[in-house]
Amino acid sequence: MFKAIFAALTAMALGSSALAQADKADAPRWSIAIHGGAGTINREQITPEQDRTIRAVLAKALAAGSQILEDGGTAIDAITATIMILEDDPNFNAGKGAVFTWDRTNELDSSIMDGSDLSAGAVAGINGTKNPILLARAVKDHSPHVMLSGEGANQFSREQQLDQVSSDYYATPYRLQQIEDLLAEKVSAADVDYKFGTVGAVARDSQGHMAAGTSTGGMTGKRWGRIGDSPIIGAGTYADDRSCAISATGSGEYFIRLGVAHEICTRIRVRLPEAIREAQRAVPKDTDGNDSYVIHASEFRLSDAEVQQIADDVIAELGALGGDGGIIYATPWGQAGYSFNTPGMYRGRATSEIEASVAIYGDEQ
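Nothing here was measured: the structure is a model prediction, and the numbers come from that model.

Colleague: Quick rundown of the state of the cysteines? Include the residues and the values.
Modeller: Within the structure shown, the criterion is met by one disulfide. Across the disulfide, cysteine 244 is cross-linked to cysteine 265 (sulfur-sulfur distance 2.2 Å). Taking the sign of the S-S torsion, about -110° here, the bridge from cysteine 244 to cysteine 265 comes out left-handed. Of this pair, cysteine 244 sits in strand β9 (residues 244-250) while cysteine 265 sits in helix α9 (residues 260-271), placing them 21 residues apart in sequence. Classification of cysteine 265 as buried rests on a relative accessible area of 2%.

Colleague: Outline the pattern of salt bridges, supporting the account with residue identities and numerical values.
Modeller: Evaluation of the coordinates by the stated rule reveals 16 salt bridges. Notably, a salt bridge pairs aspartate 141 with lysine 140, separated by 2.7 Å at the nearest N-O pair. Residue classification places lysine 140 among the buried positions, given a relative accessible area of 15%. Of the charged contacts, one joins arginine 226 and glutamate 253 as a salt bridge, the two residues approaching to 3.0 Å between their closest N and O atoms. Separated by 27 residues along the polypeptide, arginine 226 in the loop between β7 (210-216) and β8 (237-240) and glutamate 253 in helix α8 (residues 252-258) bring together distant segments of the chain. Judged by relative accessible area, arginine 226 falls into the buried class, the value being 15%. Through salt bridges with shared partners, a single ionic network connects Asp77, Arg137, Lys140 and Asp141.

Scoring rules and cut-offs
- Residues numbered from 1 in each chain as written.
- Predicted model: local features only at pLDDT ≥ 70, side-chain atom pairs only at ≥ 80, totals over all residues.
- Heavy atoms only, no water.
- Disulfide = S-S within 2.5 Å.
- Helix = DSSP H or I, 4+ residues; strand = E, 2+ residues; numbered from the N terminus.
- Buried < 20%, exposed > 50% of the residue type's maximum accessible area, 1.4 Å probe, protein only.
- Salt bridge = Lys/Arg side-chain N within 4 Å of Asp/Glu carboxyl O.

Listed below in structure tokens is the structure:
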């Protein structure tokens, strides 16, 4: 019965000019995009050695996630492994190399979301955990909650037996100098955070499932337990098999106000014909009892240009409010890309059909 209904809905949807029918034989089996922050990233501000080092780390992280996907692994495992590599590198503001608060402490945030069942986990204002993305995932997988914060989240991390580190683990000479300059009023917070070192990854696996994750140390000199968009599901991170996966980086208050990650996914889904959205609502449960959205998404696709325009439109609205930053996206149809309104963004992408590439500056393709 369902097959007959879906066949009728399919025929109706084929008439939409906004969509092109996907060629299953040629559709990418997996895709992944990563970022390491966006901001005032110009060639004159980065030495050739720093350029090479950052590109090498981005390539390493991208390769790790790509290999998992190439081997048939899940999107959630791919982005977890990718983000851990970026968290472990002091060039980024996440994990090792996280920025300092006004009180010279570290308060890290992270989140993760599985688009196959909309499960999510997030942590805010934590310390002591080596890889915050693992704690966010533990909240998703092993607690009844979506977000934990502060000392409660730290306690949960220890109970989950995640790798713990001392407070000096996160410190680097560069980050220490940043907070000292800020507190001495040698520079403003805006000057210190001329680039946002938040890290993130999004992916589509060979089963068509989406996942997104984000991790950050927040803003240099932040006070009063400030929390940005990175741990907020719908603002800095979102994934839904019916539309897309998003990870954001930038001026978090503006991403929160717009609900950027969810907004992009919603606009993509709204562009689908009503017939397809009806089919998504009516889809039967899979063997694990979860809604299986991808069976419908795989039949149709928004074009590359349509997806990019949706992302660009939301980032333009962010800019109109006064916010800077960018996002990475992946879609159920295998597309992976970025949108940002800053001079540069540390980024990379790969699919089963497209060779891996990394970039830093805004004028790079």
